[in-house]
Amino acid sequence: MADLAIRPQDMQQELNPPLVTGGLSYRDITEKVSGICESKTPRSWYIAIGVTGSLTAVLGLMLAYLVANGIGVWGNNSPVGWAWDITNFVFWIGIGHAGTLISAILFLFRQRWRTSINRAAEAMTLFAVACAGIFPLFHVGRPWRAYWLFPVPNTDLNMWQNFRSPLLWDVFAVSTYATVSALFWYVGLLPDLATLRDRARSKLRQWVFGFLSLGWRGSARHWKHYEAAYLILAGLSTPLVLSVHTIVSFDFAVSVIPGWHTTIFPPYFVAGAIFSGFAMVITLMVIARQVLRLENLITLKHLDNMCKIILATGSIVGYSYAVEFFTAFFSGNPYERFTFLNRATGPYAWAVWTMFTCNVFAPQLFWFKKIRTSVPAMFAISIVVNIGMWFERFVIIVTSLHRDYLPASWGYFRPTVVDVLTFTGSIGLFLTLFLLFARFLPIIAVSEVKSVLHAQNAGH
Amino acid sequence: MGAIFPKSANGVVRLAAGALLLAAGASIGLYAYFSQPRVLDTGYTPVQPVPYSHKLHAGNLGMDCRYCHFTVERAAYAAIPPTEVCMNCHVRVKPQSAQLQLVRESYARGEPVAWVKVHRLPDYVYFNHQAHVSAGVSCVSCHGRVDQMLEVKQVQPLSMAWCLECHRNPAPHLRPVELVTKLDWKPDRDPTQIGREIMEAKHIAPPVNCSGCHR
Amino acid sequence: MKTGKRYWRSLGELSDTPQFREWLHREFPENASEWTNHASRRTMLRLMAASFGLAGLAACRRPTEHIFPLAKGVEDYVPGNPLFYSTAFALGSAAFGLHVETHDGRPTKIEGNPNHPASLGAASAFAQASILSLYDPDRTRSVRQGRRRSSWEAFGEFAKDYFRDDGDGLRFLSGEVISPSLEAVQQHALQRFPRARWIEYEPVSQDQAIAGAELAFGRAVRSHYQLEKADVVLALDCDFLGLDAPSLAYTRAFASRRKVSAPKSEMNRLYAVECNYSLTGAAADHRLQMRASKMALFLAALAAELKLAPEMPARAQLSDAELRWLQAVAKDLAAHRGRSLILAGPRQPAVAHAWAHALNELLGNFGTTVRFTAAEGKRQVEQIRELADEMAAGRVKTLVILGGNPAYDAPADLDFSSRLTKVRTVIRLGLEEDETSALAHWLLPEAHYLESWGDVRAWDGAVTIQQPMVAPLFGGRTAAEVAAMISGYPYQRAYDIVRNRWGGAEAAWRKALHDGLIATEQVEEVKPKTRLDRILATPLPPSVDGIEIVFQPDASVWDGRFANNGWLQEAPDPITKLTWDNAALLAPSTARTLGVKSGDMLLIESAGRQIRIPAMILPGHAAGSITLPLGYGRTKCGRVGRGVGFNVYPLRTSNAMGFAAASSVRKIPGSHRFSLTQEHHSMEGRPIVLETTMEELRKDPRAVEKKTGRHELFSLYKEPTYDQGNQWGMAIDLSACTGCNACLLACQAENNIPIVGKAQVARGREMHWIRLDRYFEGSDEEPSIVFQPMACQQCENAPCENVCPVAATSHSPEGLNDMAYNRCIGTRYCANNCPYKVRRFNFLDWHKDLDALQKNQYNPDVTVRMRGVMEKCNYCVQRIQEAKIKAKAESRRALRDGEILTACQQTCPAEAIVFGNLNDPNSKVSKLKKQARNYQVLAELNVKPRTSYLAKVRNPNPELA
């Protein structure tokens, strides 16, 4: 792992404070992490998955009901053609950004503190993207025709898709992103899967993990190829992190609707995505850390760093909001001006101010080290940020649509029970998947943490 | 500890993977092939309540299509003729034939004969016979050599792609209007050339936009 | 074996195809023949397997469809080609000539008859929607005696021995008889039964106008207004562009004077004095809000101002503002002798009409802007009052109710329905099961006018033969037939009754049928003289202190007869944009004093009766007055109209049919949710509907352009040029558009637009392809109203097109924004990206609960859209294609201008909508687009809409500026 070699002098300032505390040995780390998925399943887990599982069932029911009756079971109307459906889509896609960012970009930047959190973050990414995928698929009026979105050759129609449509770009962007993140995650898992295989006692576990680890033996050649593959995938996913949400933002940016037709959207969306992604990582990791007693591997240092990133991206988001309003005023375009005035003071003002409070003001608390290092505080704020980011998408989509050019066509959107349950259901699905992951796979990249530890010790 | 899988496992896995891919590919391919209108719809030959032979009437007797399908030049539909039209001749010709039992009953009772539809387009497609016939598109282009059919059979896919072929390049399918019902017509020179001249003369520019056929 | 049976059936179909036999032989050679015999278990299993195997293909394979040609050909009938017949639609004392389109024997669309003087090719919303009533599944389906199902034969038997005597205690009750053939039967019946009487009653009648004429002239006359000749028009509580018009010609004539092409062209000026905000008020150049009870006084004061009448105390009761207004109007009228016109509305008392006549004569308008024809002096309210008294006294033994719905709409003080129970035999001929049918002993299904023979005389006397488009769906018969049956008229069948009434040669008859007019029918004009002394002797109606309530027909259900018509229920009220409801309309100031807001429930008491009804604040409504639209709150009605809205008839008494004083109006607990199609009423200062004045236009012809401002438009891309062949475009003259719903209904009928219901309208999911955007301008207390028909603008740079991922909406070479429903997957992105928000999405399956009967109305030339797809206006592309094919068949290259009419254009009474080829410099539309008034909405977006608008022009009186 030549390319990852750390020069001792960097180490001092970089690994200070240490990223692995409690003087753990390699063995301890393996024991600690593998232990989680080898020990007997605790009752709390069953209870948790019981709850999330039933929420997932609700999601299934809602979707079935939707397909049976039509989009009318949601609150969408004319002029508000998109509402919670696309809001949820963008929300989940946004969440799905932290994982790849942590694994890929921080990896390329040699941010070694990523190692204890990247695995879980990547998993989270996949699950979030899975949730996100549901909405564009089911928001169409005729889901059974949704395959027309893909450029499959059709001998009976001689028709292609409209490649000018951002919605089509989305299809490619999101599917690519999902594929690459999945590969990235799996490749990262290999050494640890092998570890689990070797530690397995039951035949079944041996077989399963044996099959999944694709015959990993940890030989030098394996490691060499592994590092190469990992680096390449990191290189591949880095641009994707930026491209996906950029393209999602095009759905709005290329339209003619005031409040959507904005050039600032790509950076603004990406920042927002990372912002929300890290918030979600904190939410999950804080819980995992507490429940699975991983304080020594997921140290305050890790959490502190994430809080800093949230602070940074949160400020970018806040700045974007400000710029949006300024541009609206500065453009002198009466429609643009009205839209933003209407946001701040119109029927949806409550949503807008919720958004501001959660996304702009709340994260500013992270300027204080006290708060950055207080687990309950950061947990609370991370939740708040998640809520805020959902509202951001709601505000962008609904407030722009409900009052555009011709006042005669103005309307108001009210969600239905189905809207609410569908979204809650998607949260259920997300958590269910994460619980399964936490139960059966090593939620911390053992091998990578060891490398950190190695460096750390080498330093002393 | 020893290996969990024997060495052969590698082969098995590779084989399995290969087989899986193959199966997937095959099923997609098969579906893609069989779901084509060309495969699915062509050759549809339902049994008609009355064994009416176009071969006999249009072929051997050389009756013009328009004797029965007389609305073809005036309407979107080349209507199936009223029983009356059959009886014009069959009061004298084969007045007793058992095969014509239904026709005679229909005429007597004034109730229609339930012919089975052969050439069907979806409701959202508005094909217009008048437009095509007056442009010089022959019956044969879509219906084939009906004058040789004992039972009418669908010979063309009637799919959008198939329609578009001609709409994008009509010349080869055009002929002088007076010849549209002459199914066995053999052009004496390059049909495309003839078609071009007709297009020129009649300013024929078939629509290839949606509302040309979908309304 | 149940499942087994099904397999048999599916195989049974396949089995006859040669392929299947062949396949079968290949599949099981050994017992290929066995399978047709009764199935052994083994074969059964095989066949199940087989049919499963085939299931895939069998499923893809279409189900067998049949074609049923006629047994015997029908003359002129070409399957698939529509046929048009002329007939006429009657409403109260008015009748409108129509052309009805029928497809394969199904009436599908109603157009106005260009030959008919009251239609001129246009058709009102009511006339167009009446086709839906023909297919109303809730119509009376059979003859009933009490509860028992009976038959016409049985009724015939009954009638034969029941109606023997001289008609003692026999009364006929029908709507206003405007059918000459029914008149004939009527006279015969009254001769046959000397002691019988025939009562005619319409809840919305011309009683007061007739009375007014009698007062002014000493004889009953009908007034006919020549608005094209009038330079100055004063309308008092008279919505002659809307509900109070007996003829659409009024709108046509008025609009012809509003379309100013050149600055120098002469425009008329309209003053409206009204209580409720009407279409006429919206079109007016000056509108004065005034309580209905004060208007007679206003006219008297005007007479005084014009030195026609001596000074009278009337003046004193007018405010200074009103007086200023009055003087200005008086001056303007006096300055246009012979070219002015004063109209009084049907709600106004006789004396008001009398004064209007007197003033018109003074101003020399007789014979120029107003003509008169003779009329009968029958006063309907008095007739029904007498009938009710007789019923109460038990003098009525038999009541034959031909149409109408008196149990619901008779004046409240007559207590009609309870008195009806005193009548021994009630025979009721009716279209639907309504409040009256419920009280009848004999219930007879009435034939709809589209399925029966008849004839009607229009307001101006033109007579049209009504011919059936289809045989009576439920064996209904006409009023004439039933009257004939009862009175033993020599002719019994509707056709014979009508044919015999007119006699004449067959050729003439056929011509009359074809033209939709009987040329020979001319009503002689009369030249009455006003008797001022009598008018002066007549006291003005006492001024109402406290709040007055005004009754007027509703724009959707008229007097309640259209309550079960989904199209009309969902058509928004032109002014309030209210659907599926009526409301107590009141001014903001009145609302303040009562402490109510829109939706609050009111308890209104008058003459000892009371109703509960939600309030709706209507800016521009006269203060201290409440307008109550008739026709809602039907208790016995079909599935559509039952329990919709609130019944106001309980407050309407026989001596105050127009307006009355409310003894008390107060807010009560509870509120009501309205379904509005437009929730925001201000233009927010945006240049959407441009308005200018005649003066401005004279000063500067480019005034309109200055309002939108020039836009430097450029594109980053090379834009397609549309200079070849037909390039379709539309121009809409906002100066002519009156905001009536005719185009909306026409579009609905032509394009199979579904009804979504009240709840869905509230959610903002109405499907109308053309909106009539209505904006208030100015103060809340004295706003003006502008209308803007808004449908797909067919943008050349359509924002909807490039965002559709599956290319379901794309541009045609003729500049249409095509919409392929069958390609659409329903992302709704196009609708989001449409600046005009004119795209409509099928959120649910709107056709699911539709009765099979109603589907007969569908236009076969237009796809019925399924759930989950987007739809929108396409300039009636089906009509465009039809015309092009026709032209091709006639080997014509170019289409004639006006050869293609869009549905909205064809039916527009004001001819405000013009569609045509922009590539033809001589086409009407190209010429309009060259006018200085022409502008595009949201032009600055560079979407290049093909529909443009001609700015609205008003012609205010400088003195009132």
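Residues numbered from 1 in each chain as written. Chains lettered and ligands numbered in written order. Predicted model: local features only at pLDDT ≥ 70, side-chain atom pairs only at ≥ 80, totals over all residues. Heavy atoms only, no water.

## Some points on the overall build of chain C
When you go through chain C residue by residue, the secondary structure sums to 30 helices and 41 strands. Taking 961 residues into account, the globule formula puts the C-alpha radius of gyration at 30 Å, and chain C, at 31 Å, falls close to it. For chain C, the spread of C-alpha atoms along the principal axes amounts to about 115 × 85 × 65 Å. Counting over 961 residues, chain C shows a buried share of 64%. Within chain C, contacts between residues at least 6 apart in sequence are counted, and of these 74% link residues at least 24 apart. (Helix = DSSP H or I, 4+ residues; strand = E, 2+ residues; numbered from the N terminus. Rg over C-alpha atoms; globule rule 2.2 N^0.38 Å. Buried < 20%, exposed > 50% of the residue type's maximum accessible area, 1.4 Å probe, protein only. Contact = heavy atoms within 4.5 Å.)

## A few points about the interface of chain B and chain A
Taken together, the contacts link eleven residues of chain B with eleven residues of chain A. Between chain B and chain A, roughly 980 Å² of surface is buried when both sides are summed, and carbon and sulfur atoms account for 70% of that area. Remark: the boundary between chain B and chain A carries zero residue pairs in polar contact (both at pLDDT 80 or more). Residue contributions to the side of chain B that touches chain A peak at four residues, all from helix 9 (residues 160–168) of chain B. A class-by-class count of the residues in the side of chain B that touches chain A yields eight nonpolar, two polar and one charged. (Buried area = accessible area lost by both parts, 1.4 Å probe. Polar contact = N/O pair within 3.5 Å; in protein donor to acceptor, adjacent residues only side chain to side chain. Nonpolar A, V, L, I, M, F, W, Y, C, P; charged D, E, K, R; others polar.)

## Quick notes on the pairing of strand 16 (residues 425–430) of chain C
Residues and elements named next belong to chain C. In terms of residue burial, strand 16 counts as a mostly covered element, since six of its six residues are buried. Here strand 16 shows two buried faces, one formed by Thr425, Ile427 and Leu429 and the other by Val426, Arg428 and Gly430. By the bridge criterion, five bridges tie strand 15 (residues 398–402) to strand 16 in an arrangement that is parallel. Within strand 16, the position partnered with Ile401 by the bridge is Arg428. (Pairing = 2+ DSSP bridges.)

## As for empty space enclosed by the protein
All names here are of chain C. Scanning the entire structure with this criterion turns up 14 cavities of 30 Å³ or more. Estimated volume of the second largest cavity: approximately 290 Å³. In terms of lining residues, the second largest cavity is bounded by 24 residues, among which Gln206, Ala209, Ser223, Tyr225 and Ala344 are the most central. Looking at the lining of the second largest cavity, its residues break down into 16 nonpolar, six polar and two charged. (1 Å grid on protein atoms, 1.4 Å probe; cavity = no way out; pocket = protein on both sides within 12 Å on 5 of 7 lines; lining within 4 Å. Points joined across faces, edges and corners; volume = space filled by probe spheres on them.)

## Quick notes on the pattern of salt bridges
Enumeration according to the criterion identifies 78 salt bridges over all chains in this entry. Residues Glu111 of chain C and Arg879 of chain C are paired through a salt bridge, measuring 3.0 Å at the closest nitrogen-oxygen approach. Residue Glu111 of chain C is located in strand 4 (residues 106–112), and its partner Arg879 of chain C is located in helix 28 (residues 877–889); the two are separated by 768 residues in the primary sequence. Judged on exposure class, the residue Glu111 of chain C and its partner Arg879 of chain C are both buried. Here the salt bridges share partners, and the residues they tie into one network are Arg27, Glu31, Glu38 and Arg199 of chain A. (Salt bridge = Lys/Arg side-chain N within 4 Å of Asp/Glu carboxyl O.)

## Regarding the pairing of strand 14 (residues 370–374) of chain C
All names here are of chain C. As paired strands, strand 9 (residues 221–225) and strand 14 are joined by five bridges and run antiparallel to one another. Residue pairing across strands places Val221 opposite Ala374, the latter belonging to strand 14. Where strand 14 and strand 20 (residues 525–526) come together, two bridges link them in antiparallel fashion. Along strand 20, the bridge assignment pairs Phe372 with Val526.

## Section: the interface of chain A and chain C
If you look at the interface, chain A gives 60 residues, while chain C gives 55 residues. Note on chain A versus chain C: buried area summed over both sides is about 4400 Å², and carbon and sulfur give 55% of it. Between chain A and chain C we count two salt bridges in total. At the level of elements, helix 3 (43–69), helix 7 (166–199), helix 9 (220–253) and helix 12 (334–345) of chain A are the ones that each hand at least two residues to the side of chain A that touches chain C. The class makeup of the residues in the side of chain A that touches chain C is 35 nonpolar, 17 polar and eight charged.

## Observations regarding the sheet that holds strand 17 (residues 442–445) of chain C
All names here are of chain C. Sheet architecture is open: seven strands sit in the order 6-5-17-16-15-7-8, paired in mixed fashion. Across the chains shown, the open sheet's two edge strands, defined by having one partner strand only, are strand 6 (148–149) and strand 8 (197–200). The pairing of strand 7 (residues 170–174) with strand 15 spans five bridges and is parallel. Across the sheet, residue Phe172 finds its bridge partner in strand 15, namely Val400. Sitting on the sheet, helix 6 (residues 180–192) touches strand 7 and strand 8, and the angle it makes with strand 8 is about 145°. (Axes fitted to C-alpha atoms, helices over the stretch in contact; angles between N-to-C directions.)

## Here's the deal with helix 4 (residues 84–95) of chain A
With twelve residues, helix 4 of chain A ought to run about 16 Å at 1.5 Å a step, and its terminal C-alpha atoms sit 16 Å apart, in line with that. Along helix 4 of chain A, the residues that are buried comprise Trp84, Asp85, Ile86, Thr87, Asn88, Phe89, Val90, Phe91, Trp92, Ile93, Gly94 and Ile95 of chain A. (Expected span 1.5 Å × (residues − 1).)

## So, the sheet that holds strand 40 (residues 947–950) of chain C
Sheets are built from strands that pair by backbone hydrogen bonding, the pairs being arranged parallel or antiparallel. All names here are of chain C. Taken in spatial order, the four strands of this open sheet run 38-31-40-39, and their pairing is mixed. Two strands lie at the open edges of the sheet, namely strand 38 (913–917) and strand 39 (934–935), each paired on one side alone. Here five bridges tie strand 31 (residues 728–733) to strand 38, and the two strands are oriented antiparallel to one another. Considered in strand 38, the bridge of Ala731 is made with Val914.

## Regarding the packing of aromatic side chains
Residues and elements named next belong to chain C. With the rule as written, the count across this model stands at 76 aromatic pairs over all chains. Summarising the aromatic geometry, the rings of Phe172 and Trp198 are spaced 4.9 Å apart at their centres and angled 15° between planes, so their arrangement reads as stacked. Here Trp198 lies in strand 8 and Phe172 lies in strand 7, a separation of 26 residues in the sequence. Residue Trp198 is classed as buried on the basis of its relative accessible area of 8%. Seen from their ring centres, Phe366 and Phe372 are 4.9 Å apart, and the 75° between their planes marks the pair as edge-to-face. (Phe/Tyr/Trp six-rings, centres within 6.5 Å; stacked < 30°, edge-to-face > 60°.)

## Describing the domain arrangement of chain C
All names here are of chain C. Each assigned domain of chain C is listed with its residue range as follows: domain 1 (11–58), domain 2 (144–205 + 378–448 + 471–494), domain 3 (221–374), domain 4 (548–676) and domain 5 (697–715 + 723–958). Between domain 3 and domain 5, a total of about 2300 Å² is buried, with carbon and sulfur atoms accounting for 50% of that surface. At the boundary of domain 3 with domain 5, the tally comes to one salt bridge. Residue Glu911 is joined to Arg252 by a salt bridge in which the shortest nitrogen-to-oxygen separation is 3.5 Å. Taken together, the links from domain 3 to domain 5 amount to 17 residue pairs in polar contact (both at pLDDT 80 or more). Mapped by element, the contributors of at least two residues to the side of domain 3 that touches domain 5 are helix 8 (249–256), strand 11 (269–274), helix 9 (279–283), strand 12 (286–289) and helix 11 (320–334). (Domains from an automatic or database assignment.)

## Considerations on the packing of helix 10 (residues 265–291) of chain A against helix 15 (residues 375–402) of chain A
Residues and elements named next belong to chain A. Put simply, helix 10 and helix 15 touch, their axes get as near as 9 Å, and they point 145° apart. In this structure, the crossing between helix 10 and helix 15 has a hand that is left-handed. Taken together, the residues that form the contact of helix 10 with helix 15 break down as 17 nonpolar, five polar and three charged. (Left-handed = near helix turned anticlockwise from the far one by under 90°.)

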